[in-house]
Amino acid sequence: MDKVIRLGGHSAPRTMVPKAASGGGIVVPIHNWLKKNGVQFRNRSQVIDLLMQDGKVTGVLINCDYNWKDGTSKKEQRIGSRGGVVVATGGWGQDKDFIKTTMPVYSLLECTSQPGATAEMLKALLKSGCLPSMLDMYQLGPWASPDEKGAGPGSFFADYAFAEGMAVNPKTGRRFMNELADRRTRADAELNVLSESIPDKINYPDVFCGEKRGRLPSCLSRQNRLPLRNTG
Ligand SMILES: Cc1cc2nc3c(=O)[nH]c(=O)nc-3n(C[C@H](O)[C@H](O)[C@H](O)COP(=O)(O)OP(=O)(O)OC[C@H]3O[C@@H](n4cnc5c(N)ncnc54)[C@H](O)[C@@H]3O)c2cc1C
C-alpha cells in the first residue's frame, strides 16, 4: 500500500501492508514465481514420518490425498531424497497437547494459526534424534478481540488504537502497559490483567482511542468503514 506504518516495538514506521492486507500478498506472488520456475508442489500430502537408513534421513513417508478435516487419506507413499530433506512445517500453535508440555497456560489461549499447525513433524524430528532449542518460545499477539476468535477487524483497530490511544485494566480504570512495547511485553501485561478475572466475569483489557478522521493511516481506511466493535 502507499504508506509504511508503525507497529509495537518499532522505533519508527517500517511495516509494509500489501493491498490484500494479509500475508497472502507476499506468499502468493512467491508461490506463483516458484511454480513458473519448475518447483513442484504437492498439496493434500501429509508427511507422517522421516525415512531413515543407517542413522541418516533418506526421505519421507506421506499420506496421499490427506483430508485434514477428518484425518483420512487414500494411501501412504514413500518419497526418497537424492540430496537432503529440509523440514519447514512451521509452528504448532494449534497443538494444545504439545504446548502443554512446555507452556501449560498458553494452551488455554485461542490461536490464529491454521488448524494444521500441529507438532507431528516436530515429534518425528525428536524421534530421529534432533535436539531442538527454545520450544517454550511462542509469539503471542496482544491485539486480537476475543469475540472474533482470531484476527478480525478488531486486530486492525487495536494496532491503530495502541499507537493513538490507550489500554486500561477495567478493574482499576488505569493504564497497565506501554502500548507501544514489543509483543511479548504487552502480551504478558495483558495476561496479568486477565489473571484478575473472577468466575463468570473475564477481565479483558480495554483498548480505545478518539475518532478523528484524517489522522487514520490510509492503509486502514477500509477497516475504518467497518463498524468498530467493543474490542473487549
Ligand atoms: C494470524 C497471523 C498473522 C500473521 N501476520 C504476520 C505479519 O503480518 N507479518 C509477518 O511477518 N508474519 C506474520 N505472521 C507470522 C507468519 O505467518 C509466520 O511466521 C510464517 O508463516 C511462518 O512460516 P513457516 O514457513 O515457518 O511456516 P508456515 O507458514 O506455518 O508453513 C508451514 C507449512 O507446512 C505445512 N505442514 C505442516 N505440517 C505438515 C506435514 N506433516 N506434512 C506436510 N505439510 C505440513 C503447513 O500446512 C504449512 O503449509 C502471522 C501469523 C499468523 C498466524
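Within each chain, residue numbers correspond to sequence positions counted from 1 in written order. The predicted nature of this model means local features are confined to residues of pLDDT at least 70 and side-chain atom pairs, given and counted, to a pLDDT of 80 or more, with totals for whole chains, interfaces and linings taken over all residues. Side-chain metrics rest on all non-hydrogen atoms present in the structure, leaving aside hydrogens and water.

**Some points on the sheet that holds strand 3 (residues 46-53)**
Now for step 1: Here, a strand pair is defined by DSSP locating no fewer than two bridges between the strands. The helix count covers DSSP runs of H or I at least four residues long, the strand count covers runs of E at least two residues long, and both are numbered beginning at the N terminus. Taking strand neighbours across the sheet as the criterion, the three strands line up as 3-4-5 in an open arrangement whose pairing is antiparallel. The open sheet has two edge strands, strand 3 and strand 5 (75-80), and neither has a second partner. Within the sheet, the average angular offset between the axes of one strand and its neighbour, ignoring direction, is 30°.
Now for step 2: The sheet contact formed by strand 3 and strand 4 (residues 56-64) spans seven bridges and is antiparallel. Each residue of the ladder has a partner; that of Leu50, found in strand 4, is Val60. Working convention: axes come from line fits to C-alpha atoms, limited for helices to the stretch in contact. Angles between N-to-C directions cover 0 to 180 degrees.

**Some remarks on the sheet that holds strand 7 (residues 174-175)**
Now for step 1: With antiparallel pairing, the three strands of this open sheet are ordered in space as 7-6-8. Either end of the sheet is taken by a strand with one partner, and the two such strands are strand 7 and strand 8 (206-208).
Now for step 2: Taken together, the two bridges between strand 6 (residues 166-169) and strand 7 define a ladder with antiparallel strand orientation. By the bridge assignment for strand 7, Val168 is matched with Arg175.

**A word on the environment of Leu7**
Now for step 1: Residue placement: Leu7 occurs in the loop between strand 1 (4-5) and strand 2 (15-16).
Now for step 2: Think of it in three bands: with a 1.4 Å probe and only protein chains considered, a residue is buried below 20% of the maximum accessible area for its type, exposed above 50%, and partly exposed in between. Here Leu7 falls in the buried class, since its relative accessible area comes to 16%.
Now for step 3: Any pair of residues with heavy atoms lying within 4.5 Å of one another is described as a contacting pair. Apart from residues no more than four positions distant in its own chain, Leu7 is found in contact with Thr15 and Asp159.

**With respect to the domain arrangement of the protein**
Now for step 1: The split of the chain into domains comes from an automatic or database domain assignment. For the protein, the domain assignment lists domain 1 (46-127) and domain 2 (139-224).
Now for step 2: Taken together, the contact between domain 1 and domain 2 spans four residues of the former and seven residues of the latter.
Now for step 3: Summed over both sides, the interface between domain 1 and domain 2 buries roughly 480 Å², with carbon and sulfur atoms accounting for 72% of that surface.
Now for step 4: Should a side-chain nitrogen of Lys or Arg be within 4 Å of a carboxyl oxygen of Asp or Glu, the pair is scored as a salt bridge. If you look at where domain 1 meets domain 2, you find zero salt bridges. Each of two parts loses accessible area, computed with a 1.4 Å probe, when they are put together; buried area is these two losses added.

**Side note on unusual backbone geometry**
Now for step 1: Positive phi values are uncommon outside glycine, yet Arg44 reaches one of about 55°.
Now for step 2: Here Arg44 shows up in the loop between helix 1 (24-36) and strand 3.
Now for step 3: Positive phi, normally seen in glycine, also occurs at Asp200, with a value near 70°.
Now for step 4: Residue position: Asp200 is located in the loop between helix 5 (183-194) and strand 8.

**A look at the site of the ligand**
Now for step 1: Surrounding the ligand, one finds Ser45, Gln46, Val47, Ala88, Thr89, Gly90, Thr112, Ser113, Gln114, Glu120 and Met121.
Now for step 2: As used in this structure description, the phrase polar contact means that two N or O atoms lie within 3.5 Å; if the pair is within protein, one of them must be able to donate a hydrogen and the other to accept it, and residues adjacent in sequence are counted only when both atoms belong to side chains. Val47 has a polar backbone atom sitting 2.8 Å from a nitrogen atom of the ligand.
Now for step 3: Side-chain polar atom of Glu120 to a nitrogen atom of the ligand: 2.9 Å apart, as the coordinates give it.
Now for step 4: Counting residues per element, the ones that place at least two in the shell around the ligand are strand 3 and helix 3 (120-127). Here, proximity means that at least one heavy atom of the residue falls within 4 Å of the molecule or strand.

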